[in-house]
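Residue-level structure breakdown
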Amino acid sequence: MNITHLGYHGKEKWPLQRGFDRFYGIISGGANYFNPKAPRGLTLDNDPIEPESDYYITDAFTDYAIQFIDESDADKPYFLYLAYTSPHWPLHALQEDIDKYRGKYMKGWTETRKARLEKMKAIGLLQQDVDLSDQAGPDWDSLSEEQKEEMDLRMAIYAAQIDRMDQNIGKLVESLEARGDLENTLILFLSDNGACAEGGMLGGGKADDLESQRGFVLSYGEAWANVSSTPFKRYKHWVHEGGINTPLIVHWPNGISSVKNGQWVEEYGFLPDILASIREVTKADYPQSHQGNQIQELVGKSIFPTISQDKPIHTEPIFWEHEGNKAVRLGRFKLVLAWSNNHEKWELYDMEADPAELHDLSGRYSDKVDEMRKMWEEWALNHRVEDWRKVHELERNPSKR
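Conventions we followed
Residues numbered from 1 in each chain as written. Predicted model: local features only at pLDDT ≥ 70, side-chain atom pairs only at ≥ 80, totals over all residues. Heavy atoms only, no water. Phe/Tyr/Trp six-rings, centres within 6.5 Å; stacked < 30°, edge-to-face > 60°. Helix = DSSP H or I, 4+ residues; strand = E, 2+ residues; numbered from the N terminus. Buried < 20%, exposed > 50% of the residue type's maximum accessible area, 1.4 Å probe, protein only. Lys NZ or Arg CZ within 6 Å of the ring centre and 35° of its normal. Expected span 1.5 Å × (residues − 1). Arc of directions from axis to C-beta. Contact = heavy atoms within 4.5 Å. Pairing = 2+ DSSP bridges. Axes fitted to C-alpha atoms, helices over the stretch in contact; angles between N-to-C directions. Polar contact = N/O pair within 3.5 Å; in protein donor to acceptor, adjacent residues only side chain to side chain. Parallel < 35°, antiparallel > 145°, perpendicular 65-115°, else oblique. Left-handed = near helix turned anticlockwise from the far one by under 90°. Nonpolar A, V, L, I, M, F, W, Y, C, P; charged D, E, K, R; others polar.

**Observations concerning the packing of aromatic side chains**
Evaluated as defined, the whole model comprises 19 aromatic pairs. Geometrically, the ring pair formed by F319 and W379 is stacked, given 5.1 Å between the ring centres and 10° between the ring planes. Note that F319 is positioned in strand β10 (residues 318-322) and W379 in helix α9 (residues 366-382), a separation of 60 residues in sequence. For the pair F319 and W379, one class covers both residues: buried. Through successive ring pairs, a cluster of aromatic residues spans Y24, F61, Y64 and F68. Between the NZ or CZ atom of R329 and the centre of the ring of Y268, over which it lies, the distance is 3.9 Å.

What follows is the structure, encoded as structure tokens:
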């Protein structure tokens with residue numbers, strides 16, 4: 001069972017051809033929440049379908065998720081991947097949800113960011129000495145009243161999208177409880193990346209399209225993304241913490257001791273650990289091939305020893321690369337680079353002392369930079385990571401592909 005966007009180029013890559021039994025979603029990715037149409041339209045299993053009347057995509061994803069579970073064999077375990085498009089742009093939400101938040105962001109991004117940092121410290125998510133990364137966006141008071149109201153509305157719609165997703169997760173949980181499955185169902189919840197700053201500093205798309213069912217690239221902008229990434233720097237696309245750091249919520253009453261209820265686990269991991277964790281829980285064999293294709297080696301490690309014993313997940317280095325942005329994490333140190341076509345400047349951070357990546361230690365610990373950079377380069381070579389300059393050249397000159 002699968003609800004996500006995956007394998008846009010080539011039907012042989014679609015979910016049912018990759019091992020899932022059912023699929024409902026948007027193969028090509030984000031779309032209009034009220035009226036998703038081709039080329040970003042809906043697919044059920046392998047066939048295009050039209051949205052129903054009074055449609056809202058977050059509600060529909062949940063309805064199909066529950067339907068797929070109800071249709072499954074009650075005597076067999078199942079795997080459901082429920083990947084909401086929310087809160088990806090366009091900014092589309094139901095009016096009843098928008099009305100809950102409109103006006104709550106009129107204090108602006110600077111004050112909202114400060115308040116979020118203080119709350120994170122108060123609940124124990126961050127240490128008391130963590131500072132904020134640099135503020136994005138103009139001074140709030142430099143905006144006109146009309147601009148303030150528009151920016152408040154953009155953030156209110158974004159919040160409403162998340163609120164609706166939260167309501168739907170609750171609906172799914174209630175359905176599991178009604179089936180008698182909740183206690184023995186492992187639920188993992190996380191975001192796939194950090195906040196999205198696409199659309200410019202003050203957001204993309206026409207202000208007239210807000211609170212309507214129109215628009216596509218209708219976003220809340222970098223200034224609010226900076227709030228969503230509190231206290232980190234940068235955003236989706238980058239591999240600084242603002243682009244990759246996301247909390248993971250794990251719920252499994254029958255599998256995790258109640259002593260751990262509501263506890264923070266501060267060890268770091270990355271997305272490949274999800275697959276390794278599911279493999280451990282299900283005791284499934286990891287196949288070497290599928291439909292004649294060799295499957296890549298399992299990279300991640302199970303998170304469950306960390307949950308039960310507070311042990312690190314990774315003692316070996318782990319790596320990232322996205323659109324030329326690079327990083328390697330080894331223990332408390334992280335080496336990271338924001339891609340530039342003109343030069344490469346690696347930055348080194350002590351993530352235990354400086355999780356917001358404010359104090360670059362590369363000048364002080366050049367040996368550590370060299371050591372970790374060589375690790376990244378060896379990993380990139382072994383995993384066929386293309387130089388981003390070469391990728392750009394291929395984009396400019398398709399004939400060279």
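**Re α9**
Between the first and last C-alpha of α9 there are 24 Å, a value that for 17 residues agrees with the 24 Å anticipated at 1.5 Å per step. Buried within α9 we find V369, M372, W376, W379 and A380. The arc enclosing the buried residues of α9, seen along the axis, measures out at 100°, which places them on a common side. Structural note: α9 exposes D367, K374, E378, L381 and N382 on the side pointing more than 90 degrees away from its buried face. Elements that come into contact with the buried residues of α9 comprise β10, β11 (325-330), β12 (333-337) and β13 (347-350). R384 lies just past α9 and shows a positive phi near 55°.

**Comments concerning the sheet that holds β13**
Picture the strands of a sheet paired through backbone hydrogen bonds; they go either parallel or antiparallel. Sheet architecture is open: four strands sit in the order β10-β11-β12-β13, paired in antiparallel fashion. Edge strands, defined here as strands with exactly one partner in the open sheet, are β10 and β13. With strand direction ignored, the average angle separating the axes of adjacent strands in the sheet is 15°. With five bridges connecting them, β11 and β12 associate as antiparallel partners. Looking across to β12, one finds that K326 is bridged to L337. Against the sheet, α9 engages β10, β11, β12 and β13, with an angle of about 115° to β11.

**What to know about unusual backbone geometry**
Here the residue pair S86 and P87 is connected by a cis peptide bond, since its omega of 5° sits within 30 degrees of zero. For P87, the location among the structural elements is in the loop between β5 (81-82) and α2 (95-101). Note the cis peptide between W89 and P90, where omega equals 10°. Position of P90 among the secondary structure elements: in the loop between β5 and α2. Residue D45 is not a glycine yet carries a positive backbone phi of 60°. Positive phi, close to 50°, is recorded for Q291, a residue that is not glycine. Position of Q291 relative to the elements: it lies in the loop between β8 (289-290) and β9 (293-294). Look at Q291 and you get exposed, because its relative accessible area is 59%.

**Regarding the environment of K13**
One can find K13 in the loop between β1 (2-3) and β2 (24-25). The partly exposed category is assigned to K13, whose relative accessible area is 34%. Here the side chain of K13 touches H9 through a polar contact of 2.7 Å, landing on its backbone oxygen.

**Remarks on the pairing of β13**
In β13, alternate side chains face the same way, and those of E347 and Y349 on one face and L348 and D350 on the other are all buried. Judged from the four bridges that link them, β12 and β13 form a sheet pairing that is antiparallel. Residue pairing across strands places K334 opposite Y349, the latter belonging to β13.

**A few points about the packing of helix α3 (residues 109-122) against helix α5 (residues 221-228)**
Their axes nearest at 9 Å, the elements α3 and α5 cross at an angle of 15°. It follows that α3 is roughly parallel to α5 by the angle criterion. Seen from above, α3 lies across α5 with right-handed handedness. Contacts from W109, T112, R113 and R116 of α3 reach α5 at A223, W224, N226, V227 and S228. Residues that form the contact of α3 with α5 fall into these classes: four nonpolar, three polar and two charged.

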